[in-house]
Amino acid sequence: MPSCRPPRAFAAVLLTALCALLLPAPGAAAQERVVQGGRLDWSIKSSFQNYVTGPIAQGSWSMLGGAGTIGGGQFRFHSASGGYDPDTGTFRAAFSGGVRFLGHRKDNGTHELDLTISRPTVRINGNTGTLYADMASRPKGGGALSNRSQVPLARLALGGVDMRGGGSPIALAGVPATLTAEGAGAFAGYYPAGTPLDPVSLSVDVRAPARKPAAPTADPEKDARSEKEKGEQDTKEQTVTRVAFKGAVVDWGVRRTFREYVTGPIADGSWKVAEGARDGGALYRFTGGKGHYDRKTGELTATLRGAVTFTGKDLDLSLTDLRVRIAADGKGTLLTDDRPLVTFTTDAKPSKGLLLVEETPTELTEEGAKFFGSMYRAGTAMDPLTLAVPLDDSADLPPLPDLGSEPTDTPEPSTSATPSGGPDGDPAVEPAASAEGFSASVPIALGGASVAAMAAAYWLLDTQVTELGDWAVLTKDPVAGGWPNEFVNRTNP
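Residues numbered from 1 in each chain as written. Predicted model: local features only at pLDDT ≥ 70, side-chain atom pairs only at ≥ 80, totals over all residues. Heavy atoms only, no water.

Caption draft 1: The arrangement of helix α2 (residues 46–53) in detail. Burial in α2 covers these residues: Phe 48, Gln 49 and Val 52. Mapping the buried residues of α2 onto a view down its axis gives an arc of 105°, with all of them on the same face. Tucked into the core, α2 has its buried residues touching β2 (60–64), β4 (74–84), β6 (98–105) and β7 (111–125). (Buried < 20%, exposed > 50% of the residue type's maximum accessible area, 1.4 Å probe, protein only. Helix = DSSP H or I, 4+ residues; strand = E, 2+ residues; numbered from the N terminus. Arc of directions from axis to C-beta. Contact = heavy atoms within 4.5 Å.)

This is the structure we're talking about:
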């Protein structure tokens, strides 16, 4: 008696056909997506930090370009940009900001140890990952400062992580890093190639590429009118020296160690922005600035919107009603509630409709020292300040650091094996993927109809379907040592 059940050969053919329908056609490959916004956290090498600030080098380090710190020992770079191909897993993300190390100060004011690492860029192709960076360094033992762009600084051990099919955000945590031969040279010779560096973590937002707007049709008559109006505006600006403005911003982080003190184990506190202020991670943006600027003398007055409140154990401090004054001699003052807080100097001139005072050093005033409850003395160096004043409609304000979305998975690194390094700086054996230490979150979704069709095909093959739909692969590599311990300067935050 013939069986009513389809033969296995037919079932196999049916399953093959269904799979072909579910897979994208060869000509329908996913378009590369845009990486926009995110952060990279990296302490580079904790022992190097300790050496720089220790009793031998007696140095320090400082953040550049809006970079900040997290947990006291990690540097946070921001505003990722790049691209990601979900089909191949190819990934690139460039981050903004930098860190400068200085040590072994000489009598002439220079430093024998002078190293800057900035603009870190992560590139991943298959299971190969590399971290590049702009580097400025002085050779160990002295010599001229050299600058190199996008040096392949560290090899990243990706193990068995599959970067294909990722969604947003894409997060990698605790990636083992090893110094390359090129990186060893740019690192001023302090470490040989193959030296393990601290693990790297990052999280970036991924978006579909924006459609390009249609090219505007040329209108010679309109263009001629625009040029005439622009000339008339330029002539008017030359005769009017005192200009009213609105929409100015001030970016200021107060003081890096103060932020670390607030969130550290002593104060155990936090901060909150309100009334138009924005949090940029390592700095706060005060917005809506309006006032007047004198093109002839350089004098400026501006009031700004926004408030930042710091709270914690024995701590309740608010920055409100900020104002900026710049005198004709270029001496500037930032005030809070009519109290002069910090001073700075500038010789900035307007360019392309924008007056930009960029990352100028600030110094605490006598009133500012009282404002901080005598935590700091007058004359203490505070964080640099940026002031951007749009003087016409064509001005573009500098972007606020973009840290991207909060990653959904941020597993802690394990304290298991350390990746070994070969003489050229590449890991001799990449760690196999495991359940600890390193992660890449890769969501893949199937539609309801597709799930039903696949289930039917599996039934025909006597295969029970236990789970279909959304799923995620989480793989990690072992990392030695774990994160550096959080620290706070108890006497001078």
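Caption draft 2: The arrangement of the sheet that holds strand β13 (residues 270–274) in detail. Ordered by their spatial adjacency, three strands build an open sheet running β13-β17-β18, and the pairing between neighbours is antiparallel. The open sheet terminates on both sides in strands that have one partner only, identified here as β13 and β18 (315–319). Strand-to-strand twist across the sheet, computed as the mean angle between neighbouring axes with direction ignored, equals 15°. The sheet contact formed by strand β17 (residues 307–312) and β18 spans five bridges and is antiparallel. Each residue of the ladder has a partner; that of Thr 311, found in β18, is Asp 316. Docked against the sheet, helix α5 (residues 256–263) engages β13, β17 and β18, running at close to 115° with respect to β13. (Pairing = 2+ DSSP bridges. Axes fitted to C-alpha atoms, helices over the stretch in contact; angles between N-to-C directions.)

Caption draft 3: Region of the structure containing the environment of Ala 94. You can see Ala 94 is positioned in strand β5 (residues 91–96). Considered as a pair, Ala 94 and Ala 133 are 39 residues apart in the sequence and their alpha carbons are 9.0 Å apart. Setting aside residues up to four positions removed in sequence, Ala 94 forms contacts with Ser 79, Ala 80, Ser 81, Pro 120 and Thr 121.

Caption draft 4: Up close: the pattern of salt bridges. In this structure the tally under the stated criterion is 12 salt bridges. Between Arg 138 and Asp 114 there is a salt bridge; the shortest N-O distance is 3.8 Å. Here Arg 138 is found in the loop between β8 (128–137) and β9 (146–157), whereas its partner Asp 114 is found in strand β7, with 24 residues between them in sequence. Residue Arg 138 shares its accessibility class with Asp 114, and that shared class is buried. Salt bridges linked by common partners bring Arg 100, Asp 114 and Arg 138 together as one network. (Salt bridge = Lys/Arg side-chain N within 4 Å of Asp/Glu carboxyl O.)

Caption draft 5: Quick peek at the environment of Leu 197. Mapped onto the elements, Leu 197 comes out in strand β11 (residues 196–207). The class for Leu 197 is buried, based on a relative accessible area of 8%. Separated by 149 residues in sequence, Leu 197 and Phe 48 have C-alpha atoms that sit 9.7 Å apart.

Caption draft 6: Here's a closer look at the pairing of strand β16 (residues 300–305). Burial of the side chains of β16 is restricted to one face: Leu 300, Ala 302 and Leu 304 are buried, whereas none of Thr 301, Thr 303 and Arg 305 on the reverse face is. Connecting strand β15 (residues 284–294) to the antiparallel partner β16 that follows it, the hairpin turn spans five residues, and Gly 298 within it adopts a positive phi of roughly 85°. When β16 meets strand β19 (residues 322–326), the two strands line up antiparallel, connected through four bridges. When the bridges of β19 are listed, Ala 302 appears paired with Val 324.

Caption draft 7: Seen up close, the packing of aromatic side chains. Enumeration according to the criterion identifies 16 aromatic pairs in this entry. The interplanar angle of 70° and the centroid separation of 5.0 Å between the aromatic rings of Phe 48 and Phe 101 together place this pair among those described as edge-to-face. Here the residue Phe 48 occupies a position in helix α2, and Phe 101 occupies one in strand β6, the gap between them amounting to 53 residues. Like Phe 101, Phe 48 is buried. When the ring of Phe 48 is compared with that of Tyr 191, the centres are 6.2 Å apart and the planes differ by 70°; the resulting orientation is edge-to-face. Residue Phe 48 is located in helix α2, and its partner Tyr 191 is located in the loop between α3 (181–186) and β11; the two are separated by 143 residues in the primary sequence. With relative accessibility at 18%, the residue Tyr 191 sits in the buried group. (Phe/Tyr/Trp six-rings, centres within 6.5 Å; stacked < 30°, edge-to-face > 60°.)

Caption draft 8: Representation of the confidence of the model for the protein chain in the model. For the protein chain, per-residue confidence averages 77 on the pLDDT scale, and residues scoring 70 or more make up 71% of the total. Long-range and interchain partners of residues 1–28, a stretch whose pLDDT sits below 50, account for 18 contacts in this model, where long-range means more than four residues apart. Contacts from residues 410–493, a stretch scored under 50 in pLDDT, to residues over four places away or in other chains number 197 contacts. (pLDDT = per-residue confidence, 0-100.)

Caption draft 9: Just the side chain of Arg 256, in detail. Take Arg 256: it is sitting in helix α5. Contact partners of Arg 256, with chain neighbours within four places excluded, come to Trp 61, Met 63, Thr 69 and Asp 383.

Caption draft 10: Region of the structure containing the nonpolar core. Among the nonpolar cores identified, the biggest contains 49 residues, and Phe 91, Phe 101, Phe 187 and Val 204 are the most heavily contacted of them. Not counting residues up to four positions away in its chain, the partners in contact with Phe 101 are Ile 44, Phe 48, Gln 49, Val 52, Ser 60, Trp 61, Phe 75, Leu 113, Asp 114 and Leu 115. If you look at the next biggest cluster of nonpolar residues, it comprises 38 residues, including Phe 245, Ala 277, Leu 355 and Phe 371. (Core = buried A, V, L, I, M, F, W, Y, C linked by side-chain atoms within 4.5 Å.)

Caption draft 11: Inspection of the side chain of Asp 251 at higher detail. As for its placement among the helices and strands, Asp 251 is situated in strand β12 (residues 242–252). Within the structure, the side chain of Asp 251 is placed 2.7 Å from the side chain of Arg 285, a separation counted as a polar contact. Those residues in contact with Asp 251 that sit more than four places away from it in its chain are Leu 283, Tyr 284, Arg 285, Pro 384, Leu 385, Thr 386 and Leu 400. (Polar contact = N/O pair within 3.5 Å; in protein donor to acceptor, adjacent residues only side chain to side chain.)

Caption draft 12: Molecular detail of the environment of Ala 177. One can find Ala 177 in strand β10 (residues 170–179). Classification of Ala 177 as buried rests on a relative accessible area of 1%. Sequence separation between Ala 177 and Leu 131 is 46 residues, and the spatial gap between their C-alpha atoms is 8.5 Å.

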